[in-house]
Amino acid sequence: MIALLDCNNFYVSCERLFKTSLNDKPVAVLSNNDGCIISRSEEVKSMGIKMGEPLFKVKKKLNDAGVYICSSNYSLYGDISNRVMEIIRKDCDILEKYSIDEAFFDLSNIKNKELFCFNLKNKILKWTGIPVSIGIGKTKTLSKIANRVVKKNNEYKIRLNFNGIYEINCEDELNYILRNTSVEDIWGIGRRLSVFFRKININDAFSFKNINLKFIRQKKGIVTQKTVLELRGVECYPIELEQADRKSICVSRSFGEKIYLYEELQSALIIYSEKASQKLRKYRLSCGAITVFIQTSRYDEKYYFDSKTFTFIEQTLDSRLIWIKANYLLKKLYVKGFRYSKVGIILSKLCRHEKVQISLLNYALNNENSYDDKESKVLMKTIDSLNERFGEGKVRIASGANSFSYKKKLNTLKKKNNWLMRSNYCSPCYTTRWCDIPKVKIK
DNA sequence: TCTGGGGTCCTAGGACCC
DNA sequence: TCTGGGGTCCTAGGACCC
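Presented here is a report on the structure given in the accompanying data block. (Residues numbered from 1 in each chain as written. Chains lettered and ligands numbered in written order. Predicted model: local features only at pLDDT ≥ 70, side-chain atom pairs only at ≥ 80, totals over all residues. Heavy atoms only, no water.)

Some remarks on the sheet that holds strand E2 (residues 27-30)
Across the sheet, which stays open at both edges, the three strands sit in the order E3-E2-E4 with mixed pairing between neighbours. Bordering the open sheet on either side are strand E3 (37-40) and strand E4 (68-70), each of which pairs with just one other strand. Mean inter-strand twist for the sheet, computed between neighbouring axes without regard to direction, equals 25°. Two elements, E2 and E4, share three bridges in a ladder whose sense is parallel. Residue Ala 28 lies in a different strand from E4, and its bridge partner there is Ile 69. Along the sheet, helix H3 (residues 55-64) contacts E2, E3 and E4; its crossing angle with E4, the most-contacted strand, is approximately 145°. (Pairing = 2+ DSSP bridges. Helix = DSSP H or I, 4+ residues; strand = E, 2+ residues; numbered from the N terminus. Axes fitted to C-alpha atoms, helices over the stretch in contact; angles between N-to-C directions. Contact = heavy atoms within 4.5 Å.)

Brief notes about the protein's contact with DNA strand C
Around DNA strand C, the structure places 13 residues, and the nearest of them are Glu 102, Lys 144, Gly 188, Arg 192 and Leu 193. Residue Asp 101 places a side-chain N or O atom 3.1 Å away from a sugar or linking oxygen belonging to DNA strand C. Between a sugar or linking oxygen of DNA strand C and a side-chain N or O atom of Trp 187, the distance comes to 3.4 Å. Elements with a minimum of two residues in the surface near DNA strand C: strand E5 (95-99) and helix H9 (191-199). The element that contributes the greatest number of residues to the surface near DNA strand C is H9, accounting for three residues. In the surface near DNA strand C, the residues fall into five nonpolar, three polar and five charged. (Near = heavy atom within 4 Å. Polar contact = N/O pair within 3.5 Å; in protein donor to acceptor, adjacent residues only side chain to side chain. Nonpolar A, V, L, I, M, F, W, Y, C, P; charged D, E, K, R; others polar.)

Structural notes on the protein's contact with DNA strand B
Residues in close proximity to DNA strand B total 24 residues, the closest being Cys 250, Ser 252, Arg 253, Ser 254 and Lys 342. The contact atoms of DNA strand B, taken as those within 4 Å of the protein, divide so that sugar and phosphate hold 72%. A distance of 2.6 Å is found between a phosphate oxygen of DNA strand B and a backbone nitrogen or oxygen belonging to Cys 250. Here a phosphate oxygen of DNA strand B sits 2.7 Å away from a polar atom, N or O, in the side chain of Arg 253. Those elements that place two or more of their residues in the surface near DNA strand B are helix H11 (213-231) and strand E9 (249-259). For the surface near DNA strand B, the leading source of residues is E9, giving seven residues. Looking at the surface near DNA strand B, its residues break down into nine nonpolar, six polar and nine charged.

Re helix H8 (residues 171-179)
The complete set of buried residues in H8 reads Leu 174, Asn 175, Ile 177 and Leu 178. The buried residues of H8 all sit within an arc of 160° when viewed along its axis, so they share a single face. In this structure, the buried residues of H8 make contact with helix H6 (140-151), helix H7 (153-156), strand E8 (165-167), helix H10 (205-209) and H11. (Buried < 20%, exposed > 50% of the residue type's maximum accessible area, 1.4 Å probe, protein only. Arc of directions from axis to C-beta.)

Looking at a positive patch on the surface
Taken together, the side chains of Arg 191, Arg 192, Lys 219 and Lys 220 define a basic patch exposed on the protein surface. At the level of elements, H9 and H11 are the ones that each hand at least two residues to the positive patch. Within the secondary structure, Arg 192 is located in helix H9. A relative accessible area of 73% means that Arg 192 is categorised as exposed. (Patch = residues over 30% accessible without salt bridge, like charges linked within 9 Å, V, L, I, M, F, W, Y side chains within 5 Å. Areas by Shrake-Rupley, 256 points an atom, 1.4 Å probe, with all protein chains shown as cover. Salt bridge = Lys/Arg side-chain N within 4 Å of Asp/Glu carboxyl O. Lys, Arg positive; Asp, Glu negative; His and termini not counted. Charge placed at Lys NZ, Arg CZ, Asp CG, Glu CD.)

Here we look at the nonpolar core
In terms of nonpolar packing, the biggest core is built from 38 residues, with Phe 255, Leu 280, Ile 290, Tyr 340, Val 343, Ile 345 and Leu 347 touching the most fellow members. Looking at this core, the elements with two or more residues in it are E9, helix H12 (262-282), strand E10 (285-296), helix H13 (319-333), strand E12 (340-352) and helix H15 (373-390). By residue number, the principal contributor to this core is H12, which donates eight residues. Discounting residues that sit within four places of it in the chain, Phe 255 has contacts with Asn 33, Leu 265, Ala 268, Tyr 272, Tyr 340, Ser 341, Lys 342, Val 343 and Trp 419. Leu 76, Leu 107, Ile 130 and Tyr 430 belong to the second largest nonpolar core, which has 34 residues in total. (Core = buried A, V, L, I, M, F, W, Y, C linked by side-chain atoms within 4.5 Å.)

Thoughts on the packing of aromatic side chains
Ring pairs (aromatic) are described by centroid distance and by the angle formed between their planes. The full count for this structure, using the stated rule, is 21 aromatic pairs. On the basis of an interplanar angle of 80° and a centroid distance of 5.1 Å, the ring pair of Phe 196 and Phe 197 is categorised as edge-to-face. Taking 5.3 Å as the distance between ring centres and 75° as the angle between the ring planes, the aromatic pair formed by Phe 310 and Phe 312 counts as edge-to-face. The class for Phe 310 is partly exposed, based on a relative accessible area of 22%. A network of ring pairs unites the aromatic residues Tyr 262, Tyr 304, Tyr 334, Phe 338 and Tyr 340 as a single cluster. In this structure, Arg 179 is placed above the aromatic ring of Phe 206, and the distance from its NZ or CZ to the ring centre is 4.0 Å. In this arrangement the basic side chain of Lys 220 is found over the ring face of Phe 196, its NZ or CZ atom lying 4.3 Å from the centre. (Phe/Tyr/Trp six-rings, centres within 6.5 Å; stacked < 30°, edge-to-face > 60°. Lys NZ or Arg CZ within 6 Å of the ring centre and 35° of its normal.)

Examining the side chain of Arg 281
As for its position among the elements, Arg 281 is in helix H12. The class of Arg 281 is buried, set by a relative accessible area of 12%. Within the local environment of Arg 281, its side chain forms a polar contact with the backbone oxygen of Leu 317, the two atoms lying 2.8 Å apart. Discounting chain neighbours no more than four positions away, the residues touching Arg 281 are Leu 317, Asp 318, Ser 319, His 353, Met 380 and Asp 384.

Focus on the environment of Leu 142
Within the secondary structure layout, Leu 142 lies in helix H6. Take Leu 142: its relative accessible area is 4%, and that puts it in the buried class. Distance from Leu 142 to Gly 256, taken between C-alpha atoms, is 41 Å for residues 114 residues apart in sequence. When sequence neighbours within four positions are dropped, the list of residues in contact with Leu 142 reads Gly 137, Ile 168, Leu 174, Glu 230, Leu 231 and Gly 233.

Structure representation (structure tokens):
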């Protein structure tokens, strides 16, 4: 049996931890750049505010109702998430962290599963302050559905109170639940697939479970077939204990204000390149290719999107090299006259440091774009540790985007770095930054 | 005016090999 | 006039997830 633990309204719950006055007030957390609503307290959900709703469309409604709005604060959420995961791991080490607010864990060897989960839930609440819900089923897909039953109690009405825990007990109960679960609410069935299934009159999880296996394999592929099997109790997605190495790393942000100037794109991209390379080294990886993309808003009449990729002869972890190539790609991509809303960098063809395939050509040609490998590694390590100790961005790559002449140009245009992401309602990093640690007064 | 960011996997089709 | 059979690898695009 597999349990799925899910933190309730996770980002909102994190914001409430250090600002207890918000506990019974409506709260909403925004996406990056304060664009959309991505976490809502129960009060906000019941106002009819949808997940992913753009802020500007509902701002008045939120203000009128006295909703407290937060920008997202990922260093806070990431840290709280780790604490929750560690508490689970203490009681159950067959654990897979599935997302920032979810974990699957194995209950096969536990006798009273509901009691075990009940105690775990209380412990997490007591030690971190985060409320959680736990669903238990034979497979990951079923535990997801069990978890949904806890949260949408009013849709299923099989019990008055779950205490945050629900285990699918018998076949009859399972079928009842599946009949009352819409096809689009199954894990693995998204917008496109649910349109397809609705068209052929498969509207709920029960009829989806009983679909012809050959038909589904042929029409929708192996992934969807696995989802059907999982609903039948056949495990297709086991709990993954080891986190697989990443296959790509992407850093991109929407701008606070639209951008026209090449230099402004450059000054954003250099920061993203540095962030991406830093992440690369944190995972002990090197990259074999980089992709840069730029785009205008999807809602803009003159929509523009393009991306270009450069492949290295030899995988690298050096920020300088990554930036040189990123800048080169940006130059090729930039077209004057568009209102750019976003730029980004993707590192791909990743491999472990120690598995980098050394190129004969790099040595033979004494390639100007390659650095001495040993020196480069030491330098990057030094930069990373300086930045970790003294704060992000303290040591940076020199570039035109940081130059005096560029700053002068911005000055004459009376501009600052207007592209910086909006984050107008951000809470302090209570648990990850020394100066933000909450102070306690004792009388 | 204002609409997020970061991932994974599968599949079909093209290019190439003998 | 008539042109096989069996593979691999790569990539773009599409689907999904949180």
